[in-house]
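Per-entry structural report
Here are the chains, one letter per residue:
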Amino acid sequence: MRLALQVRYIVVILWSIRPIDRDKIGTNQRELSFNTVICGALPSGLMGNAYHHSDIGGYTSLFHNRRTKELFDRWTDMAAFTPFMRTHEGNRPAENFQIDQDAESMEHLAHMARIHDQLAPYVKSLCGEAAQKGYPLQRPLFVHFEQDLQTYTIQEEYLYGPDLLVAPVHKQGVEEWQLYLPAEETWVDVWTGREIQGGQSLTVPAPIGKPPVFYRKGSKWTALFSSLKEVK
């Protein structure tokens, strides 16, 4: 007899803010914010849960915080680079932004869903690794860069399989994002094709629809990754 267990994380509809101080967007409160999705996925994967996802826009509204269009769009950006991509109206639908309220957000969701679909061959290969070796699809950077000590403290970007690095934007009102690229690799910006030597932190443009995503130069999936910028 096989027993199936399901673990659900309730993610609060928040940016990286303190619930008692809603104006100070950007404080790093990992317990109650959008970035908890990443912080939750990575240890969960190391414990044997190969597949992880979150409801786009979050589910639970607490402390008078509400989902906004920008939060929903940023969450959509991240979800395209996770195993499952799905929305949810949340626990208080009437009080929160919904996808059918804005044509621009609907088109953005459709566009990122096409990118998610474009990645299907790569994701299929990661599912094979999960079945054969137990690797999670979303991985802490140190899994593949154990000699780079910088990677051990990074909790808010991740490797999607061995070859893609994703650094989701989880602060409000920003157009640039700082991230770290692991050492001893050359990384290629998915959207621009720019090559950057690893082992450094840098700030990159991060408009909605082009979240910071890089792939390893020389990856066997280069053709697939470089095609993402052509997806309409």
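Presented here is an overview of the structure given in this document. (Residues numbered from 1 in each chain as written. Predicted model: local features only at pLDDT ≥ 70, side-chain atom pairs only at ≥ 80, totals over all residues. Heavy atoms only, no water.)

1. A closer look at the packing of aromatic side chains
One pass over the structure, following the stated rule, counts seven aromatic pairs. Where Y122 meets Y160, the ring centres are 6.4 Å apart and the plane angle is 80°; that geometry is what we call edge-to-face. Remark: Y160 occurs in strand β4 (residues 158-160) and Y122 occurs in helix α4 (residues 120-133); sequence separation between them is 38 residues. Pairing Y215 with F225 gives two aromatic rings, centres 5.4 Å apart and planes at 40°, and the pair type is tilted. In this pair, Y215 is assigned in strand β10 (residues 213-216) and F225 in helix α5 (residues 222-227), connecting sequence segments ten residues apart. The two residues Y215 and F225 agree in class, both being buried. Site record: aromatic cluster; members linked through ring pairs are Y122, Y160, Y215, W221 and F225. (Phe/Tyr/Trp six-rings, centres within 6.5 Å; stacked < 30°, edge-to-face > 60°. Helix = DSSP H or I, 4+ residues; strand = E, 2+ residues; numbered from the N terminus. Buried < 20%, exposed > 50% of the residue type's maximum accessible area, 1.4 Å probe, protein only.)

2. Overview of helix α1 (residues 36-46)
Counting buried positions along α1 gives nine out of eleven residues, so the element sits mostly inside the fold. If you check which residues of α1 are buried, you get T36, V37, I38, C39, G40, A41, L42, S44 and G45. In the core, the buried residues of α1 are packed alongside α2 (69-79), β3 (138-139) and β4. Of the residues one or two after α1, G48 is the one with positive phi, at around 115°. (Contact = heavy atoms within 4.5 Å.)

3. Quick notes on the pairing of β10
Taking every second residue as pointing to the same face, both faces of β10 are buried, with V213 and Y215 on one and F214 and R216 on the other. Here strand β5 (residues 164-166) pairs with β10 via three bridges, running antiparallel. If you follow L165 over to β10, its bridge partner there is F214. The pairing of strand β7 (residues 186-189) with β10 spans three bridges and is classified as antiparallel. (Pairing = 2+ DSSP bridges.)

4. As for the side chain of S54
With respect to the secondary-structure elements, S54 resides in the loop between α1 and β1 (55-56). For S54, a relative accessible area of 10% corresponds to the buried category. There is a polar contact of 2.9 Å between the side chain of S54 and the side chain of W75. Not counting residues up to four positions away in its chain, the partners in contact with S54 are V37, W75, M78 and R86. (Polar contact = N/O pair within 3.5 Å; in protein donor to acceptor, adjacent residues only side chain to side chain.)

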